[in-house]
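Structural description and commentary
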Amino acid sequence: MIPKIPSSEITPKQVYLSRRDFIKAAGVLAGSAVLAACAPDLGENAPSAPGDPAISAKTDELGDPVNSYQDITNYNNYYEFTTDKEGVARLAKDFQTSPWDVEVYGLVKNPRKFAVEDLIKSFPPEERIYRLRCVEAWSMVIPWMGFPLSKVLDLVEPTSDAKYVRFETVFKPDEMPGLKQPWYPWPYQEGLRLDEAMHDLTLLATGLYGGELPPQSGGGIRLVVPWKYGFKSIKAVVKIELTAEQPRTLWSDTAPNEYGFYANVNPQVDHPRWSQATERRIGEFQRRDTLMFNGYEEQVAGLYAGMDLRKNY
Ligand code: MTE
């Protein structure tokens with residue numbers, strides 16, 4: 001994501017993961033007393049990860065295995081803490097995710113502030129197993145708990161002038177050391193068109209693997225938009241504003257030629273500095289083809305009928 005880094009940052013991790021996957025593929029890890037001491041370093045992937053909390057299914061609807069809890073919660077993008085994906089969990093460990101309030105306002109009939117615990121009571125979280133495809137070309141399969149964003153938007157009743165939804169992450173410099181990086185236009189913000197926000201796949205996630213949403217994964221509450229690059233899935237949301245104009249977003253402000261507003265996963269439109277045709281699924285040895293709309297084409301292509309997806313990237 002950062003304007004200069006990717007190849008140097010990604011390569012060592014790739015080598016590391018490949019080695020790890022090779023060991024796993026060779027069956028050395030399973031049941032090996034000698035290597036058991038290394039297990040936390042090596043990680044373990046679903047469906048065979050023994051300590052993972054219970055989930056209803058071990059694959060997504062395409063049959064792809066769900067990633068392990070270990071991988072999902074120890075390889076994160078969360079620049080408010082650090083740009084080091086493997087350092088987020090440690091730095092975010094004590095971040096307070098409860099109680100958590102989210103304010104929904106702007107072009108709505110009933111502006112309201114909701115406590116996440118009340119939302120959970122009103123809309124009992126359901127499990128949604130989604131692929132997450134980062135713009136940096138790595139991906140995971142994640143079993144979220146949550147409810148459609150549309151349920152909250154229905155409560156506040158957007159007015160007929162509302163065309164977009166803007167989301168904002170909490171800004172707590174004392175607890176989030178990454179906010180000291182002055183070159184990002186904090187707070188992190190993102191946006192969706194109202195019809196994208198109302199789509200049933202668009203989730204407000206409040207949990208993971210049947211349990212709570214840990215801080216590094218975006219607790220108190222985060223957005224998950226599975227057909228878009230991961231940066232649209234904004235974490236630790238405290239403000240949701242209905243607007244008439246297309247909202248600014250942190251990434252399109254930072255590098256407008258690289259990150260567009262729509263950011264739909266599209267293997268045919270390369271990032272200016274790398275191909276988006278394939279991806280590295282965390283826990284797998286070989287790269288796999290990236291799917292149009294991250295595999296959700298049937299459900300969402302209609303939202304973009306008639307639009308030039310090269311121009312509206
Ligand atoms: N939200 C905030 N507030 N800050 C971030 O840095 N990173 C984004 C997105 N949401 C980010 C964020 C990016 S680039 C990705 S790929 C996903 O979170 C990663 O989510 P994960 O760490 O839960 O896998």
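Before reading further, recall that the structure is shown in the block above.
As a starting point, this report considers the structure included with it. Note that the structure is a prediction, hence the values are computed from the model and not measured.

As a further point, take the site of the ligand. In the neighbourhood of the ligand, 17 residues make up the surrounding shell, with Tyr 79, Glu 80, Arg 222, Ser 233 and Lys 235 lying closest. Thr 169 is positioned with one of its side-chain polar atoms (N or O) 3.0 Å from a nitrogen atom of the ligand. Note that an oxygen atom of the ligand is positioned 2.7 Å from one of the side-chain N or O atoms of Arg 222. For the ligand, whose accessible area on its own is 530 Å², the fraction buried by protein is 100%. Considered class by class, the residues forming the shell around the ligand number nine nonpolar, five polar and three charged.

All right, on to the pattern of salt bridges then. Taken as a whole and judged by the stated rule, the model has 21 salt bridges. Measuring nitrogen to oxygen at the nearest pair gives 3.0 Å for the salt bridge that ties Arg 131 to Glu 61. Highlighted residues: Arg 131 in strand E3 (residues 126-133) and Glu 61 in the loop between helix H3 (39-42) and helix H4 (69-72), separated in sequence by 70 residues. For Arg 273, the salt bridge goes to Glu 258, with nearest N and O atoms at 2.7 Å. Taken together, the residues span a long stretch of sequence, with Arg 273 in the loop between helix H9 (250-254) and strand E11 (278-281) and Glu 258 in the loop between H9 and E11 at a distance of 15 residues. The exposure class assigned to Glu 258 is buried, which follows from its relative accessible area of 12%. Within this structure, Asp 64, Arg 133, Glu 279, Arg 281, Glu 284 and Arg 288 form a network of salt bridges that share partners.

Rules used in this analysis
- Residues numbered from 1 in each chain as written.
- Predicted model: local features only at pLDDT ≥ 70, side-chain atom pairs only at ≥ 80, totals over all residues.
- Heavy atoms only, no water.
- Near = heavy atom within 4 Å.
- Polar contact = N/O pair within 3.5 Å; in protein donor to acceptor, adjacent residues only side chain to side chain.
- Areas by Shrake-Rupley, 256 points an atom, 1.4 Å probe, with all protein chains shown as cover.
- Nonpolar A, V, L, I, M, F, W, Y, C, P; charged D, E, K, R; others polar.
- Salt bridge = Lys/Arg side-chain N within 4 Å of Asp/Glu carboxyl O.
- Helix = DSSP H or I, 4+ residues; strand = E, 2+ residues; numbered from the N terminus.
- Buried < 20%, exposed > 50% of the residue type's maximum accessible area, 1.4 Å probe, protein only.

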